[in-house]
Amino acid sequence: MRSITTLDLQYAHRFFGFKGEAQYLHGHTGILTIEVEDSTEPGVNMVFPCNEIQKTAWEVLKNFDHALILREDDPLLPAILKVYEEQGIRDGAPNNQMKGPAFKTELATAYPECRLVVTKETMTVEGMIKIVYDLLKDKLNIVKITFSSGVNAATEEYQNSRTIDRCPLCGIALNENGVCPKCGYRK
């Protein structure tokens, strides 16, 4: 069975090197749908609580919300960082509250203090799916991710090959010590 949840992401980007309207800096509302598959946990009668899927995903993905996403070779990148430095916001500002932990993967690097994500590839809907899966594959039993942004959409399906020990009282993943971080249940 599957639990399905969605997240909204507001972001700006451009397709550097693209010949068309998307070469200009522009913004989107993206809708990310994550499908998680596992057995139904008898104590709570659900695969995985959708609000917990959102919390797990949002911890990392909030770096993409209200962020600028640029490819690593985009000539706008140094200019943006220079302006942020001049404005005193490159290293954060008091009102920059919605930020996740910085991360660096093969596909993307998040700089939460300046609301910037730098990607290896152009940030398309397909690219976002690759990045999201890479960031969350070890935290959730993801079997499908769909991302839509404007009139563009893409989806990718994955094989569920892992078992995650979950709490029989609230359904969320147990930590490395076999303890539920939500209710304290011990395996």
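This structure is a prediction, so every number in the text was calculated from the model and none was measured.

Asker: Please clarify how the packing of aromatic side chains should be interpreted in this entry.
Answerer: Each pair of aromatic rings is reported with the distance of its centres and the angle of its planes. In the structure shown here, the tally under the stated rule is four aromatic pairs. With 5.6 Å between their ring centres and 90 degrees between their planes, Phe15 and Phe18 make a pair best called edge-to-face. Residue class for Phe18 comes out partly exposed when judged on its relative accessible area of 39%.

Asker: Any chance you could explain the state of the cysteines here in plain terms?
Answerer: By definition, a disulfide links the sulfur atoms of two cysteines through a covalent bond. Summed over the entire model, instances satisfying the criterion amount to zero disulfides. With no disulfide of its own, Cys167 has Cys183 as its nearest cysteine by sulfur position, at a separation of 3.6 Å. The cysteine Cys170 is free of any disulfide, with Cys180 supplying the nearest cysteine sulfur at 3.3 Å.

Asker: Looking at this structure, I do not really get the pattern of salt bridges. What am I missing?
Answerer: Charged atoms that come close allow side chains of opposite charge to pair. Inspection of the entire model under this criterion finds 14 salt bridges. Between Asp38 and Arg166 there is a salt bridge, and its shortest N-O distance comes to 3.6 Å. Of this pair, Asp38 sits in the loop between strand S2 (26-37) and helix H1 (50-61) while Arg166 sits in the segment after strand S8 (152-157), and the two are 128 residues apart along the sequence. Pair check on accessibility: Asp38 and Arg166 agree, each one buried. In the salt-bridge network here, residues are joined through shared partners; they are Arg2, Glu35 and Glu37.

Asker: Would you mind showing me how to read the nonpolar core here?
Answerer: Most often, soluble globular proteins have nonpolar side chains that are buried together. Ranked by internal contacts, the top residues of the largest apolar core, which has 33 residues, are Leu32, Ile34, Leu61, Phe64, Leu135, Leu136 and Phe147. Put simply, the parts of the chain that give this core at least two residues each are strand S1 (2-13), S2, H1, strand S5 (108-111), helix H3 (125-136) and strand S7 (142-149). Leu136 has contacts with Ile34, Thr56, Ala57, Leu61 and Ile142, leaving out every residue within four places of it along the chain. In terms of nonpolar packing, the next biggest core, distinct from the first, is built from nine residues, Leu68, Leu70, Leu77 and Tyr84 among them.

Asker: Explain the environment of Glu157 to me, please; I cannot follow it from the model alone.
Answerer: With respect to the helices, strands and loops of the structure, Glu157 is situated in strand S8. In this structure Glu157 comes out as exposed when scored by relative accessible area, which is 52%. On a C-alpha basis, the gap between Glu157 and Ile145 in space is 6.6 Å, while along the polypeptide they are twelve residues apart. Residues within four places of Glu157 in sequence aside, it is in contact with Arg2, Val143 and Lys144.

Asker: Explain the pairing of S8 to me, please; I cannot follow it from the model alone.
Answerer: Consecutive side chains along a regular strand alternate between the two faces of the sheet. Looking at chain direction, S7 and S8 are connected through six bridges and run antiparallel. In the strand pairing of S8, Ser149 is matched with Asn152. The hairpin turn running from S7 into S8, its antiparallel successor, is two residues long, and Gly150 in that turn takes a positive phi close to 65 degrees.

Asker: Sorry, what's going on with helix H2 (residues 76-87) here?
Answerer: Since the α-helix advances by 3.6 residues per turn, residues separated by three or four positions end up pointing in the same direction. With twelve residues, H2 extends 16 Å from end C-alpha to end C-alpha; this agrees with the ideal 16 Å at 1.5 Å per step. Every buried residue belonging to H2 is among Leu77, Ile80, Leu81 and Tyr84, and all of these are buried. When H2 is viewed along its axis, its buried side chains cluster within an angular range of 95 degrees and face the same direction. Opposite the packed face of H2, turned more than 90 degrees from it, sit the exposed residues Pro78, Lys82 and Glu86. Residues of H2 that are buried sit in contact with strand S3 (67-71) and strand S6 (116-119). Remark: Gly88 follows H2 within two positions and exhibits a positive phi of approximately 75 degrees.

Asker: Just checking my understanding: could you explain the pairing of S3 for this structure?
Answerer: Within S3, five of the five residues are buried, leaving the element largely enclosed by the surrounding structure. Here S3 shows a buried face lined by Ala67, Ile69 and Arg71 and a second buried face lined by Leu68 and Leu70. Bridge count for S1 against S3 is three bridges, and the pairing is parallel. By the bridge assignment, His13 is partnered in S3 with Ile69.

About the cut-offs
- Residues numbered from 1 in each chain as written.
- Predicted model: local features only at pLDDT ≥ 70, side-chain atom pairs only at ≥ 80, totals over all residues.
- Heavy atoms only, no water.
- Phe/Tyr/Trp six-rings, centres within 6.5 Å; stacked < 30°, edge-to-face > 60°.
- Buried < 20%, exposed > 50% of the residue type's maximum accessible area, 1.4 Å probe, protein only.
- Disulfide = S-S within 2.5 Å.
- Salt bridge = Lys/Arg side-chain N within 4 Å of Asp/Glu carboxyl O.
- Helix = DSSP H or I, 4+ residues; strand = E, 2+ residues; numbered from the N terminus.
- Core = buried A, V, L, I, M, F, W, Y, C linked by side-chain atoms within 4.5 Å.
- Contact = heavy atoms within 4.5 Å.
- Pairing = 2+ DSSP bridges.
- Expected span 1.5 Å × (residues − 1).
- Arc of directions from axis to C-beta.

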